[in-house]
Amino acid sequence: MASNEELFKKIIAHAKEYGYVFPSSEIYDGLSAVYDYGPFGVELKNNIKEYWWKSMVQYRDDIVGLDTAIFMHPTVWKASGHVDAFNDPMIDNKDSKKRYRADVLVEDFILKIEDKIEKEVNKAAKRFGETFDEKMFRETNPRVQENLKKIDDIKQRFYPALERDDLVDVKLLIEELGIVCPISGSRNWTDVRQFNLMFSTQMGSVNEDANAIYLRPETAQGIFVNFLNVQKSARMKIPFGIAQIGKAFRNEIVARQFLFRMREFEQMEMQFFVRPGEEMKWYQYWKEERMKWHLSLGIPAEKYRFHDHDKLAHYANAASDIEFEFPIGFKELEGIHSRTDFDLGAHQEFSGKKLQYFDHEVNESYIPYVVETSIGLDRTFLAVLSNSYREEKLDDGSERVVLGIPAQLAPIKVAILPLIKKDGLPEKAGELMNSLKYDYRCFYEEKDTIGRRYRRMDALGTPYCITIDHQTLEDNMVTIRDRDTMLQERISISEVQGVLREKVGR
Ligand code: ATP
């Protein structure tokens, strides 16, 4: 069994070999934390987008879509708080010269203590067997209690220090906890400094500071500044949502986890506008709704968990992450945030334009409250890809690599394979391809033995292969092969559409 790190490396190599993801500008040795999607990657990415868009926009009558520009007026980012507060505290280790996020160092330290607690509990569960009372054990075991207190003490000190921007105390805490650099093993740390994550550039010919333009670090602000345009033009009534898929840019300090932490990435965000006071109800609603969406992708439920935030961003009064078990551990995949009226209120103040909604039911104007669901497209891609990757030993002793991507998301739905390259088989296969390609993304291949072609399609994640042989010319029957079970079935060409519709959907 490969270790998680090895597995992660294999997935990255597989993604490159099979045309899913390439490092950006690879012939120039790449650009750190920037990636390109290949011929099959772009299909998977588009399918994920479409799946999200359909469930969030098309199938609902209370959400509409939007596509706003990446460049926005610089004051947007002043109002949103990003100029002043979109910072990560960074710290360097003087020996390894590696840079870390100070908050991640402390949070990883807390995770290690939590791990210790879980080990203690599991050990006791084994020892006591059926009579084990986990709740009581957690509440009374001295070692568990001591570790819980340790975590509590760290949190009590750490989050307020971040809140106060007391970076001296954050450094002191790192030193007192004895946190070492994972590379050098030393405690030789620099001071903690704030680092703004926004990329900036200039617009036009003026290059004074005042005209700095930012590459948006989130798509949400494009939605907020268009709130009234959308509400009026689409005649929306509260509660309603606005959804957008688009690029976002962050100059991440630690960016070395493949698609998990990129400097240019894509978000699928939805801002749901509600009556003040009703935000908690909608926050709960969206937590559940979004988890259901994830589970509908066909990935096992145990791969997901919620993580409710202790430390809230400057705009939020409640926040939770949906975490996914990536090969690098459980990490954030989507954030659900109750953003209050912070954003609309701030834009109203900075722009001097009213951003209010007149609610006929209560006969009152107000700034709506907002519940946001924000999911990374690339992280979802990585979740699907890493969950799909399997190495299998077959009964005949051979091995195969399979991407078990759910059929509705798979880049190629069906491969059309003439058994050999002559005798009229390619022409027959071409006819079938032409009859299917308007409904399904198909792939045609005539090179290599049929066994090799099946393996290649398995590794690409193609759920079905259809083989045309000499018999087909006589009876119009083809072989359809299932990627996961490898079972083959003989069906008539006239049945192919119906079978695919049933298996893949449309
Ligand atoms: P993290 O704590 O991992 O940095 P975040 O809390 O800053 O993430 P949000 O601002 O809530 O992330 O962004 C919403 C979503 O956008 C995240 O859940 C994630 O899926 C995605 N995302 C954020 N930053 C990146 C990144 N650098 N690369 C890829 N996806 C990202």
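Quantities reported herein were computed from a predicted structural model and do not represent experimental measurements.

S.K.: I tried to follow the overall build of the protein chain on my own but got confused; where do I start?
M.R.: On a plain count of helices and strands, the protein chain comes out with 17 helices and 23 strands. If one aligns the C-alpha atoms of the protein chain with their principal axes, the spans along those axes are about 80 × 65 × 55 Å. Burial analysis of the protein chain (506 residues in total) assigns 49% to the buried set. For the protein chain, restricting intrachain contacts to residue pairs at least 6 apart in sequence, the fraction spanning at least 24 positions comes to 65%. Counting every atom, the protein chain has about 25,400 Å² of accessible surface; 49% of that belongs to carbon and sulfur. The positive charge centre, built from 72 side chains, and the negative charge centre, built from 84, are 2 Å apart in the protein chain.

S.K.: Is there a simple way to explain the pattern of salt bridges in this structure?
M.R.: Where side chains of opposite charge bring their charged atoms close, a pairing between them can arise. Counted by the stated rule, this structure contains 48 salt bridges. Ionic pairing is found between Glu266 and Lys45, a salt bridge with its closest N-O pair at 2.8 Å. Taken together, the positions of Glu266 in strand S10 (residues 264–274) and Lys45 in helix H2 (residues 39–58) put the pair 221 residues apart, joining distant regions of the chain. For the pair shown, Glu266 and Lys45 are each scored as buried. A salt bridge links Arg60 to Asp62, with the shortest nitrogen-to-oxygen separation between them at 2.8 Å. Here Arg60 and Asp62 have matching classes, each one buried. Each member of the salt-bridge network shares a partner with another, and the members are Arg390, Glu392, Arg400, Arg455, Asp458, Arg481, Arg483 and Asp484.

S.K.: Would you take a moment to explain the side chain of Ser96 for this structure?
M.R.: On the secondary structure map, Ser96 appears in the loop between strand S4 (87–92) and strand S5 (99–101). Residue Ser96 is classed as buried on the basis of its relative accessible area of 18%. Beyond its immediate chain neighbours, meaning those up to four positions away, Ser96 contacts Cys181, Ile183 and Ser184.

S.K.: For this particular structure, what's the right way to read the site of the ligand?
M.R.: Lining the immediate environment of the ligand, one finds 17 residues, of which Glu252, Arg261, Met262, Glu332 and Leu333 sit closest. One of the backbone nitrogen or oxygen atoms of Phe260 is found 3.3 Å away from a nitrogen atom of the ligand. A distance of 2.8 Å separates an oxygen atom of the ligand from a polar side-chain atom of Arg261. When the free accessible area of the ligand is taken as 590 Å², the share hidden by the protein chains comes to 87%. Secondary-structure elements contributing two or more residues to the shell around the ligand are S10, strand S13 (329–340) and strand S16 (369–376). With 5 residues, S13 is the largest single contributor of residues to the shell around the ligand.

S.K.: Is there a simple way to think about the nonpolar core in this case?
M.R.: Generally speaking, soluble globular proteins have nonpolar side chains that are buried together. Counting 63 residues, the largest nonpolar core has Tyr20, Trp52, Trp286 and Phe381 as the members making the most contacts within it. With sequence-adjacent residues up to four places away left out, Phe381 is seen in contact with Tyr20, Val21, Tyr37, Gly41, Leu44, Lys45, Ile48 and Leu259. One finds Tyr100, Phe137, Val144 and Ile179 within the second-largest nonpolar core, a separate group that totals 27 residues.

S.K.: Looking at this model, I keep getting lost on the sheet that holds strand S3 (residues 63–66). Mind explaining?
M.R.: Consider a sheet: its strands pair through backbone hydrogen bonds, and that pairing is either parallel or antiparallel. Strand order in this open sheet of 7 strands is S3-S9-S10-S16-S13-S12-S11, and the pairing throughout is mixed. Both outer strands of the open sheet, S3 and strand S11 (304–308), are each paired with one neighbouring strand and no more. Adjacent strand axes in the sheet meet at a mean angle of 25° when their direction is disregarded. Two strands pair when backbone bridges link them, and S3 and strand S9 (residues 240–249) are joined in this way by 4 bridges, in the parallel orientation. Across the sheet, Ile63 pairs through a bridge with Gly241, a residue of S9. Docked against the sheet, helix H13 (residues 377–388) engages S10, strand S12 (318–326), S13 and S16, running at close to 35° with respect to S12.

S.K.: I keep staring at the packing of helix H5 (residues 102–128) against helix H7 (residues 142–164) and nothing clicks. Help me out?
M.R.: The geometry of a pair of packed helices is captured by two quantities: the angle between their axes and the separation between those axes. Viewed as axis vectors pointing N to C, H5 and H7 meet at an angle of 165°, and their least axial separation amounts to 10 Å. Considered as vectors, H5 and H7 are oriented roughly antiparallel to each other. The two elements H5 and H7 cross, and the hand of that crossing is left-handed. Counted together, Ala102, Asp103, Val106, Glu107, Phe109, Ile110, Ile113, Glu114, Lys116, Ile117 and Glu120 of H5 and Arg143, Val144, Asn147, Leu148, Lys150, Ile151, Ile154, Lys155, Phe158, Tyr159 and Leu162 of H7 form the full contact between these two elements. Residues that form the contact of H5 with H7 fall into these classes: 13 nonpolar, 1 polar and 8 charged.

S.K.: Please explain the environment of Ile238 as it appears in this structure.
M.R.: Positionally, Ile238 belongs in the loop between helix H10 (227–233) and S9. Placed 122 residues apart in sequence, Ile238 and His360 show a C-alpha to C-alpha distance of 10.0 Å. Contacts of Ile238, omitting those with residues within four sequence positions, involve Phe273, Val274, Arg275, Tyr357, Tyr366 and Pro368.

Cut-offs and rules
Residues numbered from 1 in each chain as written. Predicted model: local features only at pLDDT ≥ 70, side-chain atom pairs only at ≥ 80, totals over all residues. Heavy atoms only, no water. Helix = DSSP H or I, 4+ residues; strand = E, 2+ residues; numbered from the N terminus. Buried < 20%, exposed > 50% of the residue type's maximum accessible area, 1.4 Å probe, protein only. Contact = heavy atoms within 4.5 Å. Areas by Shrake-Rupley, 256 points an atom, 1.4 Å probe, with all protein chains shown as cover. Lys, Arg positive; Asp, Glu negative; His and termini not counted. Charge placed at Lys NZ, Arg CZ, Asp CG, Glu CD. Salt bridge = Lys/Arg side-chain N within 4 Å of Asp/Glu carboxyl O. Near = heavy atom within 4 Å. Polar contact = N/O pair within 3.5 Å; in protein donor to acceptor, adjacent residues only side chain to side chain. Core = buried A, V, L, I, M, F, W, Y, C linked by side-chain atoms within 4.5 Å. Pairing = 2+ DSSP bridges. Axes fitted to C-alpha atoms, helices over the stretch in contact; angles between N-to-C directions. Parallel < 35°, antiparallel > 145°, perpendicular 65-115°, else oblique. Left-handed = near helix turned anticlockwise from the far one by under 90°. Nonpolar A, V, L, I, M, F, W, Y, C, P; charged D, E, K, R; others polar.

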